[in-house]
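# Working through the structure, step by step
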Amino acid sequence: MSALRTPGVRRPGRLAAEAAALLAAAATAFPLYWMVLSALKPAGEIQSTNPRPWTLSPSLDSFRRVFEQQDFGRYFLNSLIVAVTVVLASALIAFLAATAVTRFRFRFRTTLLIMFLVAQMVPVEALTIPMFFLMRDFGQLNTLGSLILPHIAFSLPFAIWMLRGFVRAVPEALEEQAQIDGASRTRFLWQILFPLVFPGLVATSVFSFISTWNDFLFAKSFLISDTSQSTLPMALLVFFKPDENDWGGIMAGSTVMTVPVLVFFVLVQRRLVSGLGGAVKD
Amino acid sequence: MTTQLTPPVEKRPAAAAGPAPGTRGPRRPGAWTPWLYLLPALVVLGALLVYPVYQLGLISFLEYTQAQVSGGEPTSFQGFGNYATLFSDPQFRQVLLATVVFAAACVVTTLAVGCALAVLLTRVRALPRLVLMLAALGAWATPAVTGSTVWVFLFDPDFGPVNRLLGLGDFSWTYGRYSAFALVLLEVVWCSFPFVMVTVYAGIRAVPTEVLEAAALDGASQWRIWRSVLAPMLRPILVVVTIQSIIWDFKLFTQIYVMTNGGGIAGQNLVLNVYAYQKAFASSQYSLGSAIGVVMLLILLAVTLVYLRLLRRQGEEL
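So, how was this worked out
- Within each chain, residues carry numbers counting from 1 in the order of the written sequence.
- Here the convention is simple: chains get letters from A, ligands get numbers from 1, in the order in which they are written.
- At least 70 in pLDDT is required for a residue's local features to be given in this predicted model, at least 80 for side-chain atom pairs to be given and counted, and no such filter applies to totals for whole chains, interfaces and linings, which use all residues.
- Secondary structure elements follow DSSP: runs of H or I of four or more residues count as helices, runs of E of two or more count as strands, with numbering from the N terminus.
- Every C-beta atom is placed from the backbone, and the number of other C-beta atoms within 10 Å of a residue's own sets its class: buried at 20 or more, exposed at 12 or fewer, partly exposed in between.
- Note on contacts: each residue gets a C-beta atom placed from the backbone, and two residues are in contact if those atoms are within 7 Å.
- Residues are sorted three ways: Asp, Glu, Lys and Arg are charged, Ala, Val, Leu, Ile, Met, Phe, Trp, Tyr, Cys and Pro are nonpolar, and all the rest, Gly among them, are polar.
- For helices, the axis comes from a line fit to the C-alpha atoms of the stretch in contact; other axes are also lines fit to C-alpha atoms, and the angle between any two N-to-C directions lies between 0 and 180 degrees.
- Any angle between 65 and 115 degrees counts as roughly perpendicular, while under 35 counts as roughly parallel, over 145 as roughly antiparallel, and the rest as oblique.
- If you view the pair so one helix is near and one far, a crossing is left-handed when the near helix is turned anticlockwise from the far one by less than a right angle, and right-handed when it is turned clockwise.
- UniProt positions are given in the numbering used here, feature names are shortened, and annotations may be inferred rather than shown by experiment.
- Core membership is restricted to buried Ala, Val, Leu, Ile, Met, Phe, Trp, Tyr and Cys residues, and these are joined into a nonpolar core through C-beta atoms within 7 Å.
- The split of the chain into domains comes from an automatic or database domain assignment.
- Every residue carries a pLDDT, the predictor's confidence in it, which falls somewhere between 0 and 100.

### Looking at the overall build of chain B
Tallying secondary structure elements over chain B gives 14 helices and 2 strands in all. Within chain B, the proportion of its 318 residues that are buried is 44%. Taking as baseline every contact in chain B between residues at least 6 positions apart, the subset at least 24 positions apart corresponds to 63%.

### As for the overall build of chain A
Secondary structure assignment for chain A yields 12 helices and 0 strands. Ordering the α and β elements of chain A from the N terminus gives α-α-α-α-α-α-α-α-α-α-α-α. In chain A, which comprises 282 residues, the proportion classed as buried is 47%. Look at the contacts in chain A between residues 6 or more apart in sequence, and 78% of them connect residues 24 or more apart.

### Considerations on unusual backbone geometry
The phi torsion at Asn142 of chain A lies on the positive side, around 70°, for a residue other than glycine. Of note, Asn142 of chain A is situated in the loop between helix H6 (128-138) and helix H7 (145-169). C-beta crowding within 10 Å serves as the criterion here: with 17 such atoms nearby, Asn142 of chain A is assigned to the partly exposed category. Positive phi outside glycine occurs at Ala266 of chain B, with the angle close to 55°.

### Side note on the environment of Leu196 of chain A
Residues and elements named next belong to chain A. Counting through the fold element by element, Leu196 comes out in helix H9 (residues 185-214). You can call Leu196 partly exposed: it has 14 C-beta atoms within 10 Å. For the pair Leu196 and Ala169, spaced 27 residues apart in the sequence, the C-alpha separation amounts to 9.3 Å.

### Section: the interface of chain A and chain B
Each partner contributes to the interface: chain A provides 89 residues, whereas chain B provides 91 residues. Along the lines of polarity and charge, the residues of the side of chain A that touches chain B split into 60 nonpolar, 21 polar and 8 charged.

### Focus on the packing of H6 of chain A against helix H1 (residues 33-60) of chain B
Packing of H6 of chain A against H1 of chain B leaves a shortest axis separation of 8 Å and a crossing angle of 110°. One element, H6 of chain A, and the other, H1 of chain B, form an angle in the roughly perpendicular class. Here H6 of chain A and H1 of chain B pass one another in a crossing that is right-handed. Every residue of H1 of chain B that contacts H6 of chain A at Ile129, Pro130, Met131 and Leu134 of chain A is listed here: Pro52, Gln55, Leu56 and Ile59 of chain B. In terms of residue class, the contact of H6 of chain A with H1 of chain B is built from 7 nonpolar, 1 polar and no charged.

### So, the UniProt feature "transmembrane region" (unreviewed entry) in chain B
Residues and elements named next belong to chain B. On the UniProt side, "transmembrane region" (unreviewed entry) is annotated at positions that read residues 35-54, 95-121, 130-155, 175-204, 225-247 and 286-308 here. In the segment residues 35-54, helix accounts for 100% and strand for 0%; the C-alpha atoms at its two ends are 23 Å apart. Structurally, residues 286-308 comprises 100% helix and 0% strand, and the distance from its first C-alpha atom to its last is 32 Å.

### A short note on the nonpolar core
Ala94, Ala97, Ile160 and Leu163 of chain A together with Val200 of chain B are the most contacted members of the largest nonpolar core, which has 170 residues in total. The leading source of residues in this core is helix H8 (residues 177-205) of chain B, at 16 residues. Here this core spans two domains, and each of domain 1 (14-59) and domain 2 (71-281) of chain A adds at least three residues to it. For Ile160 of chain A, the contacting residues outside a window of four places in its chain are Ala94, Ala97, Ala98 and Phe116 of chain A together with Ala41 of chain B.

### Observations regarding the domain arrangement of chain A
Residue and element names in this part refer to chain A. Each domain of chain A was delimited in the assignment, giving domain 1 (14-59) and domain 2 (71-281). Its C-alpha centre places domain 1 at a distance of 32 Å from the equivalent point of domain 2. The partner domain 2 presents 6 residues to the 7 residues of domain 1 that form the contact. If you list the elements that add at least two residues to the side of domain 1 that touches domain 2, you get helix H1 (14-40) and helix H2 (43-46). Take the side of domain 1 that touches domain 2: its biggest share by element is 4 residues, from H1.

### Examining the packing of H7 of chain A against H1 of chain B
Axes are the key here: two packed helices are described by the angle between their axes and the distance separating the axes. Running from N to C, H7 of chain A and H1 of chain B cross one another at 120°; their axes reach a closest spacing of 9 Å. As summarised for this structure, H7 of chain A and H1 of chain B are arranged oblique, according to the angle between their axes. When you trace H7 of chain A past H1 of chain B, the crossing you get is left-handed. Here Leu149, Pro150, Ile152, Ala153, Leu156 and Ile160 of chain A of H7 of chain A come into contact with H1 of chain B, specifically with Ala41, Val44, Leu45, Leu48 and Leu49 of chain B.

### Points about the UniProt feature "domain: ABC transmembrane type-1" (unreviewed entry) in chain B
Residues annotated in UniProt with the feature "domain: ABC transmembrane type-1" (unreviewed entry) correspond here to residues 96-307 of chain B. Along residues 96-307 of chain B, the helical share is 78% and the strand share 0%, with 22 Å between the first and last C-alpha atoms.

### Quick word on the confidence of the model for chain B
All names here are of chain B. Taken as a whole, chain B shows an average pLDDT of 84; of its residues, 89% reach a score of 70 or greater. Summarising per-element confidence for chain B, the mean pLDDT is lowest in helix H2 (residues 66-69) (74) and highest in helix H4 (residues 90-122) (95). When the criterion is pLDDT under 50, residues 1-27 qualifies, and its contacts beyond four places in sequence or with other chains add up to 37 contacts.

### Examining the confidence of the model for chain A
Low-pLDDT portions of the prediction should not be read for the details of their coordinates. Residues and elements named next belong to chain A. Looking at chain A, the pLDDT average stands at 82 and 89% of residues meet or exceed 70. The least confident element of chain A, judged by mean pLDDT, is helix H12 (residues 247-281) at 75; the most confident is H1 at 92. Counted against residues more than four places away or in other chains, residues 1-9, with its pLDDT under 50, gives 14 contacts.

### Concerning the environment of Val271 of chain B
Residues and elements named next belong to chain B. Among the secondary structure elements, Val271 is positioned in the loop between helix H12 (254-259) and helix H13 (272-282). Given 27 C-beta atoms within a 10 Å radius, Val271 is considered buried. Between the C-alpha atoms of Val271 and Val113, which are 158 residues apart in sequence, the distance is 23 Å.

### Things to note about the environment of Gly249 of chain A
Residue and element names in this part refer to chain A. Position of Gly249 relative to the elements: it lies in helix H12. On the basis of neighbour counts, which here come to 24 C-beta atoms within 10 Å, the residue Gly249 falls in the buried class. Sequence spacing of Gly249 and Ala43 is 206 residues, and the spatial spacing of their C-alpha atoms is 9.5 Å. Those residues in contact with Gly249 that sit more than four places away from it in its chain are Ser62, Arg65, Val66 and Phe239.

What follows is the structure in C-alpha cells.
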C-alpha cells in the first residue's frame, strides 16, 4: 500500500520513524484518554493537586451525576434527532445537486459552482443575527427546526463540492449503457448512480454530522426559553461554574458527547480516507 | 478530468428525459432536468444562506439595536456609519490584527504537523501507521466543545497534569494573553492536523512508487525528496488543505469562546467571529455585529478568489 515502501530495502531510520509515529499517536490520544480517565475517577481523585495517569477505583458517579442532574438523556436525543435529520436531508439534496452540476452542461453551471464554493466561506456564526430574526419570523424559535434548517443549508455547499468528485468518477459509458437498456433517467439516478456514489455520501456526511453535533452557538441563541429542546453542548456548559468547575461532570458529559462521533468515525473510517483522496485528487 | 468530454445530453431522446415536468414544449428535451435536480438545494440555500447574507449586509447599514428589534424605534439608514464607527475603534483594529496573526499561526502549525506526520506515515509499517491513524481520527472526531473543555482541563492550574509534568506550579494559562492564545492554538492544531495528515497521506500514496525510488537511488535526502518531488506533485492537494485551513481557522469561534470564556480577560483573546457575536448578542448592537460579519465575509471572499485563481492556473476544470 505504502508508496514509499521499497521492498527488500531495510531502512536504518525506520525504527526511529516508527518510534516517532507511536509517540505522536500517544500524544494525540492522550487528551481523549485523560477525558475518559477523569470521567471515571472518583471525585476525590479529580480534585487532587497530584493527578495520577491511572485510577484504582473507577466509578460511574460522574456519569450518574450527569444523567441525573439534568435532562441529559433528553438533550442527547435532541442532538441525535437534529444531527441525523441534517445528515439525511443534506446528503439527499447534495446528491441531486452534485449530479446536476457534473452530469449536465447548462448555462450558469460554472457560476453556480463558484457560488457553492463561495458559500462555504460564509462565516456561519456571523449569520446568527439575521438567522435569529428569520427563525423568529418562521415561528421556529425554541424548536429543533431552528437548528435543523440552518445546518442543512450550511452543510450543503461543502457536501456538493465534495460529492462532485464521486459523481464524476462514475463513467459516462455506464449512463449510456443504462439508457440503451431502457432505464429512465430517474431509474439510473437512484438504482445505479446512487449506490455507486454512496461511499462518497458517507464521507461527506461525516462533515455535516460533526458540524451539526458540535453546534452550540445556534442552540444558545435560538433555544432561549424552552430548555426541553436543548442540545448536548448546552448541557455541557452548565457544569462550568464561575468559581468551582465540576470537572468530573464536565469530563463525563464530554465523553458521552464524543462517543457517538467516534463510533460514526470508526464505522466510516475507510471510506473517509479513500473518499478524501478521491475528492481531492480528481 | 479526461472524462470531461461534454456529454451530449441535449441529443437524448425525449423518452429518456425522465418525468421532468415542463419538458414537453422545448426543442431540447431534458434541458430542465439539471435545474430540477438543483431545485431543492437552491431553495434551501436561497432561503437560509443567501437571504440571511443579504439581511446581514442590510442590517450593517442600519441603526439596529434593541429598540429597533422590539419595534420601539424606527430603523434608520446609516450608510457607512457603522463601518466608520468600527474602523475608528482601536479595539476592532486590534481584534482584526489578532485574528489574522492567530489564524496564520494556526494554519502554518497545522500544515507543518500534518505534512510531517503524513510523510512519517509512509515510512512506517502497517501497525504503527494504523495506531497513529486511529489516534488522529479520534482527535478529528472530537467535537470542538468537548475538545476545548478537555484541553482547558489538561492545562488547569490546580488539577491539570500538564502543569504538574512541566513543573509550572499553579501557572494559569488563560490569564495571560499570549499563553491563552497558545493554549487555544494547541487545541486547534490537535483537532485539525488529522484532516491535513489524512489528505496529504492519501495524496502521497497516489504518487507512483518509481518516481520516489528513482529519487532515492539518485541519493536524494528525505527533505530533498519532499521539496523537489513530492511537494510539486502534491501541489493541488496542498492548495486545497491550505485554503480549507485558512477558512476554518479564520472563522474560529467555539474554541476561543469556550476556552477563554467568551474572549478572555477584558476581551484580550477576542477574534472577529467571537467579537461580532459579543457585539450583537451581549451588547445588542446588531448593526455593529453585522458590520463585523460583513468584513469577515469580504476577507474570506478574497481568499476564495485567490483559491479560484490557483485552481484555474492548475488547469482544473470546474
